[in-house]
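Tertiary structure, described
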Amino acid sequence: MGIKHLIYATVAVALLASCAGSTDYTSLVDTRIGTESCFVLSYGNTYPATGRPFGMNLWSPQTGAHGDGWKYTYQSDEIRAFSQAHQCSPWTRDYAALALFPETGELEVLSAQRGAKFSHEDETAQPQYYSVTFRNGIMTEMSPTERGNHLRFTYPEGSPAYLIIDGGHCESEMNIDPEGLKVTGCMDMGRRRHKGSMCWFVLTFDRPVKSFGAWHDPNIPALVRYKTPDMLAAALGDKPDLAPAEMMPGADAVEEFNSGIYIVFEPGTAVQVKVASSFISAEQAEQNYRSELASHSSFEQTLEEGTKAWNDALGRIAVEGGTDEQLRTFYACLYHANLFPRMFHEYDAEGEPHHFDPNTREVYPGYGFNDIGYWDAFRSQFPLYNILFPAMQERYVRSIMESYEHDGYLPSWPFYRETFGMIGNHAISLLADAWAKGIRCFDPKDALKAYDEQISGDDAVALEQQQKLGYQTSFGRYGAVPYKDKGYLPYPEYQYGTAVTLEYAYDDFCAWTLARAAGDSECEERFGKSMYNYRNVFDPKVGYMRGRGADGGWTPDFNPIAWGGPFIEGNAMHYNWSVFQDVRGLIDLYGSE
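Procedures and definitions
- Residues numbered from 1 in each chain as written.
- Predicted model: local features only at pLDDT ≥ 70, side-chain atom pairs only at ≥ 80, totals over all residues.
- Heavy atoms only, no water.
- Pairing = 2+ DSSP bridges.
- Helix = DSSP H or I, 4+ residues; strand = E, 2+ residues; numbered from the N terminus.
- Axes fitted to C-alpha atoms, helices over the stretch in contact; angles between N-to-C directions.
- Contact = heavy atoms within 4.5 Å.
- Buried < 20%, exposed > 50% of the residue type's maximum accessible area, 1.4 Å probe, protein only.
- Parallel < 35°, antiparallel > 145°, perpendicular 65-115°, else oblique.
- Left-handed = near helix turned anticlockwise from the far one by under 90°.

Focus: the sheet that holds strand β23 (residues 353–357)
The strand order β22-β23-β24 describes an open sheet built from 3 strands, whose pairing is antiparallel. Looking at strand neighbours, the two that pair on one side only are β22 (345–347) and β24 (362–365), the edges of this open sheet. The mean inter-strand angle of the sheet, taken between neighbouring strand axes irrespective of direction, is 35°. Pairing of β23 with β24 involves 4 bridges; the strand directions are antiparallel. Paired with phenylalanine 356 across the strands is valine 363, a residue of β24. Lying on the sheet, helix α3 (residues 282–292) is in contact with β22 and β23; it crosses β22 at an angle near 70°. Contacts from helix α8 (residues 390–407) reach β22, β23 and β24 within the one sheet, and its direction differs from that of β23 by about 45°.

Below is the structure:
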């Protein structure tokens, strides 16, 4: 059965308010699908994220060394850590990647050197539950909450039982209270735009400590970037020759770049570890722990709640018909669609939401979200959310407008802080689609005002931002002057000119729909013209969208399958269909269907 039949010939595809009957949709999902990837070649670029739907933190096994964007690759046979994760692409890598690693035999704390062999046959990877038994006999289980994780480590009899707590490639501070069975700390995210931003955590364990200490890795920052030969070697499993860690037995605190704590338990111990974190404060981390984990006396209690949460999310689409493989593929895809954007808000002692804004470094009341690229998600992912999760999307739409109020611009690709990644001004698409689907929690006049400010800046502002970041950005309206004057963005004078033209035209269509809702005749007339600018980059002689220079001439040597050039992450055959706002008009350009 083909994809078309899977979609159209199923007995029923029903949108549900909650989990349908007793179906366990989590049993249909293998979170490892898409993980057979590496820096050289991608087969999905995913990792087996375990967590709650749209949770503030995800957790994942880690086969690569700290800092490697390909944190888990299916072809690997060794795990180096279990880490808190926020990564939405291997190209961005991660932040606040607090890592835990159970170990036996000889104590090795360095992420580029440590590791335990495993087989996929001894691994279970579901949205709410991950477990693996290493060949050395250690079994790890984890079932996260929205802002924390509940883990259980079972060590073999007769061998040392270590737990390593690793702050990653950043400044970190950790303190252990061995009598109180508790570790607290914080991490400075450290990388470029994230410098000076903190993540606080609290971690508890339910078994007595035999001994403990601290450690520091003197090799960092030599391995910080995955493109270095050493990092690539580590990512591929060849452990480089490094200086040994500086060990501090008995130390109950450490404050150092790339450092951590180690704990020694009795051999054969089964220890439950509960950890929660916060981007607001140490006190908020404690609050998150109290509200999500403190009352959970058993691992099974947390797991049961996680299973229910995922069945509610996945069960909003009930699919009948098709093969077992097709069902598993469908729900694996739906699982991935329920990971991002992540909730970035936390609840205070009164149960009220508030969130840290990494762009202003201020805490604001209300709901916040993070970690998703609008360019990647405006076409299908956000429209799906508006159908499946209207209550969440109402919160999300409000957060877009609040970001404009706090930051002075509409978001485009928040990855912790705003990155201004990719092209277009697609926040307006999210707002217009929400409005069209009945999510009307904002004033369309305010949305139009924000959009108009975003696109009315001169080229100098956008070009300055591009030079600062080193890539073409969605800050402001890149090429605003020639786009307005010519009705298209010239290429090669402007990077990705044809793709940008097509996406600006669609964004202006979205603004046109909101202008009609707001009764703004001036914006309706203006955007009602520019939404047809896609026609200006269509060459009827070749039958494709095409690069067009400032002199009006077409880019020579046209090849519809040539990657890049006037397009971004695609070619003419892809971008020919990027006229979502006027399908009839695209048909007319060709003269027939």
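There's plenty left to go through after this.
Digging into the pairing of strand β2 (residues 58–62)
Within β2, 5 of the 5 residues are buried, leaving the element largely enclosed by the surrounding structure. Across 5 bridges, β2 lies against strand β4 (residues 81–85) in antiparallel orientation. Within the sheet, the bridge partner assigned to proline 61 lies in β4 and is phenylalanine 82.

Some points on the packing of helix α9 (residues 427–436) against helix α13 (residues 497–518)
The interhelical angle for the contact between α9 and α13, taken along N-to-C directions, is 45°, at an axis separation of 9 Å. It follows that α9 is oblique to α13 by the angle criterion. Taken as a pair, α9 and α13 cross one another with a handedness that is left-handed. Two secondary-structure elements touch here, α9 through Ile428, Ser429, Leu431, Ala432 and Trp435 and α13 through Tyr506, Asp507, Cys510, Ala511, Thr513, Leu514 and Ala517.

Examining unusual backbone geometry
Following phenylalanine 340, the chain continues into proline 341 via a peptide bond in cis, with omega recorded as 5°. In this structure, proline 341 sits in the loop between α5 (324–336) and β21 (342–343). Tyrosine 491 connects to proline 492 through a cis peptide bond whose omega is 15°. Inspection of the secondary structure assignment puts proline 492 in the loop between α12 (480–486) and α13. Of note in the backbone geometry, asparagine 45 takes a positive phi value of approximately 60° without being a glycine. Mapped onto the fold, asparagine 45 is located in the loop between β1 (13–15) and β2. You will see that arginine 93, though not glycine, has its phi angle at about 60°, which is positive. Examined against the element boundaries, arginine 93 turns out to sit in the loop between β4 and β5 (99–103). Classification of arginine 93 as buried rests on a relative accessible area of 5%.

With respect to the sheet that holds strand β17 (residues 253–257)
Pairing is antiparallel across the open sheet formed by 9 strands, whose spatial order is β7-β8-β9-β10-β19-β14-β13-β12-β17. Edge positions in the open sheet fall to β7 (123–125) and β17, since each of these has one partner strand only. Put simply, the sheet's adjacent strands are angled 15° from each other on average, direction ignored. Pairing between strand β9 (residues 139–144) and strand β10 (residues 148–154): 6 bridges, direction antiparallel. Within the sheet, the bridge partner assigned to serine 143 lies in β10 and is histidine 150. Sitting on the sheet, α3 touches β10, β13 (182–188), β14 (198–205) and β19 (270–278), and the angle it makes with β19 is about 130°.

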